[in-house]
Structures are given as structure tokens and as C-alpha cells.
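Commentary on secondary and tertiary structure
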Amino acid sequence: MTLLANIDTARGTKLRDMLAGLVPEQRVVLADDGYDPATIRHLLTWKIPENMAQMTALETVFSVGAGVDQFTGIRLPDGARLVRLVAPGLVAMMQEYVTLAVLGLHRDLPAYIAQRQAQVWKMASVPPPATERRVGVMGLGELGKGALAALKPFGFPLAGWARGPHAIDGVECFHGAGGLHAFLARTDILVCLLPLTPQTEGILNADLFAKLPRGAALVQTGRGRQLNQSDLSAALEAGQISAAVLDVTDPEPLPQGHPFWSDPRIILTPHIACITQVETLAPAIAANLSRHAQGQPMQGEVMLERGY
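Residues numbered from 1 in each chain as written. Predicted model: local features only at pLDDT ≥ 70, side-chain atom pairs only at ≥ 80, totals over all residues. Heavy atoms only, no water.

The secondary structure content of the chain amounts to nine helices and 12 strands. The globule rule puts the C-alpha radius of gyration for 308 residues at 19 Å, and the 21 Å found for the chain is close to it. Overall size of the chain, expressed as C-alpha extent along the three principal axes, is 65 × 40 × 35 Å. In the chain, which comprises 308 residues, the proportion classed as buried is 48%. Counted over contacts in the chain with a minimum sequence separation of 6, partners at least 24 positions apart contribute 60%. (Helix = DSSP H or I, 4+ residues; strand = E, 2+ residues; numbered from the N terminus. Rg over C-alpha atoms; globule rule 2.2 N^0.38 Å. Buried < 20%, exposed > 50% of the residue type's maximum accessible area, 1.4 Å probe, protein only. Contact = heavy atoms within 4.5 Å.)

The structure is reproduced here in C-alpha cells:
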């Protein structure tokens, strides 16, 4: 029963040491070790290795992160299951990032960053109280629910939208195509935490922006291919969108000279909202290995037909 940790050597070595204490019966090999692919039963990776077809005993593919869209269209060996990372550490990091972004947009941080660069000292605007700034989160998985919980103490009126119905205390929930228009109409700061699927690719577009209140703001922490970049630029120019915080783009990084680099209404961060740390990864993998050994469902198993 061998697990291949297809990650960088430093993190892989640390992970192997931690798993030795958590699941001592589990053999762990790294990508640069000499190993027989036919002995690999579990694969931990961000991208599919070239020799996966030789892993004839493969039972589980663990994604290093919460996202699994990088596996879309790749045929896994018969019977192998795909598992995304679900860990408290990832949720906490996303809570921090979304809170930072929402508060920054609420208090006009992009405008003040631009004013500092221009050496201007003046009030950009008088922000409404948080109780009058409506925040909506698209995507109500672990990260979306966590983000809403983190924002709740500030008093923002909160709403969430997802493919199917949800019930979350203190959150007005909408679902499906029928609920999207009403959700957007009541959202002043939109947070995207959707998984990337054929249905969500390009969802952040001119049509969606037009359904938001004029001057709404965007936090994009989903996947880069969900955003139509030219539509966002047009919405910013028209004043339909006032500002945006983007942690994901397509491609990553954006090419030199891309307008997002210089637009003062956009804050760009290099895909750092959630960073997988071994201290978070090891306990989650160990717990799922134990569940798998006992024949129980693993936390984070992906429904391949839905893509999440």
C-alpha cells in the first residue's frame, strides 16, 4: 500500500515524516524516489503525472488543494476516486482573505491605494455602515460557508447562491437559475467561490454584472476562467462595477501589459487566498486513508459527473 506524494521534495519529505507518526503503516514515496508505478495505490498531486497509466493498482487521487478542475477531462483508472482537500486550515485562510477583500472594498481601499501613489490626501467617499452593505457569496461549499461565517460578525446583510438549495442561519439563500437574478439584485459586494465547471466557466460576464446594483464590487477567489476579463474592464469603465479584488486569473500570471496590472480599481493577488501547508495536508490525508481502509466514504470525494 504505497502513496506517491507528487509534490516538491521539501514538502514531500515533511509530509512523509508527519504521516509516519499519523499512519505508520502507510508507505510514502516521493516523485524523485525509485518506485514501481504498479505498486502505487494512492496518489497525492496537483497535476496528473505522465506515468499514471502505469499505476494499475491506483485507488485514490488526492488533490493537493480544494480545487479539482485541473483533472477535468482526464480519465482516471477504473475504480479510482478523486478527492479534493478539505481541511480547517484552508477554510481559515479563505476566511481571512475574503474578509480582507470585502472590508477593503467596503472602505474604498483601491481608491486610497491609488491616492497614495498620486500623493493625494482626501476622503474618497463616506462608506455606508456595514449593516447597509449587502454581501453575496456564490458557492456554498465548505469555503463559501466559512466565508459567510467570518463576515457575519461585521453586520453585513448576507446572502448565498448555489446550484441547489441550502439553509444557513442568518444567510438569505438562493439557488438555481431561477434564484440568480434576485440574488444579484440585492448584492453590493459579490464574492465568487464557485468551482470551475462547464456551467460556471465565463459566468462572471457582462450579463451578470448588469444584474448587480450599479457600483457593486467583485471579489474573485474561484477560478480564473470564470471571469470574462474584457467584460469586467467594460463594467469598470461604465461604473457598473466600482472595484474588484482578483486572486485568480487566466492565465496565471497575466501577461505583461495586461490592463488589469495598471487599473487602479483592481487589486491583484497571485493566487494566495488558500495555500496548502503540510501541517494542514497531513492530518487530512491521514484521516481519509483511515476512512478508506475501513471502507467508509472519504471527506471531499468528487462527483466526477458534476466536477466537484
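Once you've had a look at it, read on.
Glancing now at the packing of helix α1 (residues 9-22) against helix α9 (residues 278-293). The description of two helices packed together rests on the angle between their axes and the distance between the axes. As a packed pair, α1 and α9 sit with axes 9 Å apart at the nearest point and diverge in direction by 45°. Looking at the two axes, α1 sits oblique to α9. Crossing of α1 over α9 shows right-handed handedness. Between α1 and α9, the residues in contact are R11, K14, L15, M18, L19 and L22 and V278, E279, L281, A282, P283, I285 and A286, respectively. A breakdown of the residues in the contact of α1 with α9 according to their chemical character gives 10 nonpolar, no polar and three charged. (Axes fitted to C-alpha atoms, helices over the stretch in contact; angles between N-to-C directions. Parallel < 35°, antiparallel > 145°, perpendicular 65-115°, else oblique. Left-handed = near helix turned anticlockwise from the far one by under 90°. Nonpolar A, V, L, I, M, F, W, Y, C, P; charged D, E, K, R; others polar.)

Relative to the elements of secondary structure, D188 occurs in the loop between α5 (176-185) and β9 (189-192). Sequence-distant contacts of D188, defined by excluding residues within four places in its chain, comprise E132, R133, R134, P213, A216 and A217.

When the terminal C-alpha atoms of α9 are compared, their 22 Å separation across 16 residues agrees well with the 22 Å that a helix rising 1.5 Å per residue should span. Listing the buried residues of α9 in full gives V278, T280, L281, A282, A284, I285, A286, N288, L289 and H292. Taken from the residues just after α9, G295 is the one with a positive phi, measuring 75°. (Expected span 1.5 Å × (residues − 1).)

Moving on, we come to the sheet that holds strand β10 (residues 216-220). Taking strand neighbours across the sheet as the criterion, the seven strands line up as β8-β7-β6-β9-β10-β11-β12 in an open arrangement whose pairing is parallel. Bordering the open sheet on either side are β8 (172-175) and β12 (266-268), each of which pairs with just one other strand. When strand polarity is set aside, the average angle formed by the axes of neighbouring strands in this sheet is 15°. Bridge count for strand β7 (residues 158-162) against β8 is four bridges, and the pairing is parallel. Across the sheet, residue A159 finds its bridge partner in β8, namely E172. (Pairing = 2+ DSSP bridges.)

We now examine the sheet that holds strand β3 (residues 40-45). Overall, parallel pairing links the five strands, which are arranged β2-β1-β3-β4-β5 in an open sheet. Each having just a single partner strand, β2 (27-30) and β5 (81-83) make up the two edges of the open sheet. The sheet shows a mean angle of 20° between the axes of neighbouring strands, taken without regard to direction. The pairing of strand β4 (residues 60-63) with β5 spans three bridges and is classified as parallel. Considered in β5, the bridge of V61 is made with L82.

A word on the pattern of salt bridges. When charged atoms on two side chains of opposite charge get close, those side chains can pair. This model, assessed by the stated rule, comprises 13 salt bridges. A salt bridge links R11 to D8, with the nearest nitrogen and oxygen atoms 2.7 Å apart. Note that D263 is salt-bridged to R265, the shortest N-O span being 2.9 Å. Taking relative accessible area as the criterion, R265 reaches 24% and is therefore assigned partly exposed. Because the salt bridges share partners, they merge into one network encompassing E237, D263 and R265. (Salt bridge = Lys/Arg side-chain N within 4 Å of Asp/Glu carboxyl O.)

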